[in-house]
Amino acid sequence: MRDSPNIIITGTPGVGKTTHCELLSQRTGLRHLSVNQIVKDKGCHEGWDEEYSCWIVDEDRLLDSLEDEVPTGGCLIDWHACDLFPKRWIDLVVVLRVDSSTLYDRLNARGYPEAKLQENLDAELMDVLIQEAREAYDDEIVVELTSNTSEEMEENIDRIEEWIKRWKLDHGSS
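Procedures and definitions
Numbers given to residues run from 1 along each chain, matching the order in which its sequence is written. For a predicted model such as this one, the threshold for reporting local features is a pLDDT of at least 70, and the threshold for listing and counting side-chain atom pairs is 80 or more; totals across whole chains, interfaces and linings nevertheless cover every residue. Based on all heavy atoms of the structure, the side-chain values leave hydrogens and waters out of the count. Counting from the N terminus, the helices are DSSP H or I runs at least four residues long and the strands are E runs at least two residues long. The globule rule used for comparison is 2.2 Å times the number of residues to the exponent 0.38, while the radius of gyration itself is calculated over C-alpha atoms. Residue exposure (1.4 Å probe, protein chains only): buried if accessible area is under 20% of the type maximum, exposed if over 50%, otherwise partly exposed. The criterion used for residue contact is that any of the two residues' heavy atoms lie within 4.5 Å. For the purpose of charge, His is not counted, nor are the chain termini; Lys and Arg are scored as positive and Asp and Glu as negative. Where a charge sits is defined by one atom per residue type, namely NZ (Lys), CZ (Arg), CG (Asp) or CD (Glu). Throughout this description, a polar contact denotes any pair of N or O atoms lying within 3.5 Å of each other; where both atoms belong to protein, one of them has to be capable of donating a hydrogen while the other can accept it, and for residues adjacent in sequence the pair is counted only when both atoms sit in side chains. Without a salt bridge and with relative accessible area above 30%, a residue can belong to a patch; like charges are then joined within 9 Å and nonpolar side chains (Val, Leu, Ile, Met, Phe, Trp, Tyr) within 5 Å. Method for areas: the Shrake-Rupley scheme with a 1.4 Å probe, in which residue coverage is limited to the protein chains shown. What makes a salt bridge here is a side-chain nitrogen of Lys or Arg within 4 Å of a carboxyl oxygen of Asp or Glu, nothing more. To define a nonpolar core, start from buried Ala, Val, Leu, Ile, Met, Phe, Trp, Tyr and Cys residues and group those joined through side-chain atoms within 4.5 Å. Each pair of strands is called paired provided DSSP finds at least two bridges between the two strands. Here an angle of 0 to 180 degrees is reported between the N-to-C directions of two axes, which are lines fitted to C-alpha atoms, with helices fitted over the stretch in contact.

J.: How should the overall build of the chain be read in this particular structure?
T.: Broken down by element type, the chain carries seven helices and seven strands. For 174 residues, the compact-globule estimate of 2.2 N^0.38 gives 16 Å, and the chain sits close to it at 16 Å. Here the chain, with 174 residues, has 49% of them falling under the buried criterion. In the chain, of all internal contacts separated by at least 6 residues, the share reaching a separation of at least 24 is 73%. The chain carries 18 positive and 38 negative side-chain charges, and their two centres are separated by 5 Å.

Set out below in structure tokens:
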């Protein structure tokens, strides 16, 4: 029995996952788990992909590194994928979305290689991550939110914070 929920904040790179998690962590006290940082710090990878400028994640090693922390609750999991986390760990999946021109500008500003930029634009246009979330988790815990502007981000934070408060009340937590 957990005192606090576990929430995945997912979406293609550039949608605002980390910003959402950092602000939610400050407001709620939930722990921000940046999967990219964990992969790097705990060596949960099989090396570096030069073409895409990213780590090749070893999902089994990643899950092993999280198995003592996440099941106890209170985690905001920040990553571009969600379907590898066991259903029993997760209470809410938030899929952040942005329009293609906003996403292009954000990824271009990060200096993404063309292949990585195009792959992420395609994934966003084809609804890849929302489909993965809906296939991996029960519909009632999957929420799709837009994150094009700072106003939308603030509304998202407020909405998720309210959801956390309700979850805690429903589960007898203070």
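J.: It is not clear to me how the side chain of His45 should be interpreted in this structure. Could you clarify?
T.: If you trace the backbone, His45 turns up in strand β3 (residues 45-49). Take His45: its relative accessible area is 19%, and that puts it in the buried class. At 3.2 Å, the side chain of His45 forms a polar contact with the backbone nitrogen of Gly47. With residues up to four places along the chain from it excluded, the contact list for His45 reads Val39, Trp55, Ile56, Val57, Asp58 and Arg61.

J.: How should a negative patch on the surface be read in this particular structure?
T.: Together, Glu46, Glu59, Asp60, Asp64, Glu67, Asp68, Asp83 and Glu135 make up a region of like negative charge exposed at the surface. Ranked by residue count, the leading element in the negative patch is helix α3 (residues 59-66), at three residues. Inspection of the secondary structure puts Asp68 in the loop between α3 and β5 (75-78).

J.: Can you walk me through the nonpolar core in this structure?
T.: The nonpolar side chains of a soluble globular protein tend to be buried with one another. One finds Leu62, Ile77, Phe85, Ile90, Val93 and Tyr137 to be the most contacted residues of the largest nonpolar core, which totals 28 residues. At the level of elements, α2 (35-41), α3, β5, β6 (92-97) and α6 (128-136) are the ones that each hand at least two residues to this core. Top contributing element to this core by residue count: α6, with four residues. Leave out the neighbours within four places in its chain, and Tyr137 touches Ile8, Cys82, Asp83, Phe85, Pro86, Lys87, Ile90, Val93 and Val142. One finds Ile7, Val15, Leu117 and Trp163 within the second-largest nonpolar core, a separate group that totals 23 residues.

J.: Would you take a moment to explain the sheet that holds β5 for this structure?
T.: Pairing between the strands of a sheet is mediated by backbone hydrogen bonds and can be parallel or antiparallel. Read across the sheet, five strands follow the order β2-β5-β1-β6-β7 without closing on themselves; strand pairing throughout is parallel. At either end of the open sheet lies a strand with only one pairing partner, and these are β2 (31-34) and β7 (142-146). Across the sheet, the mean angle from the axis of one strand to that of its neighbour is 20 degrees, orientation sign disregarded. Of the pairings in the sheet, the one linking strand β1 (residues 7-10) to β5 comprises three bridges and is parallel in character. Across the sheet, the residue bridging to Ile9 is Asp78, located in β5.

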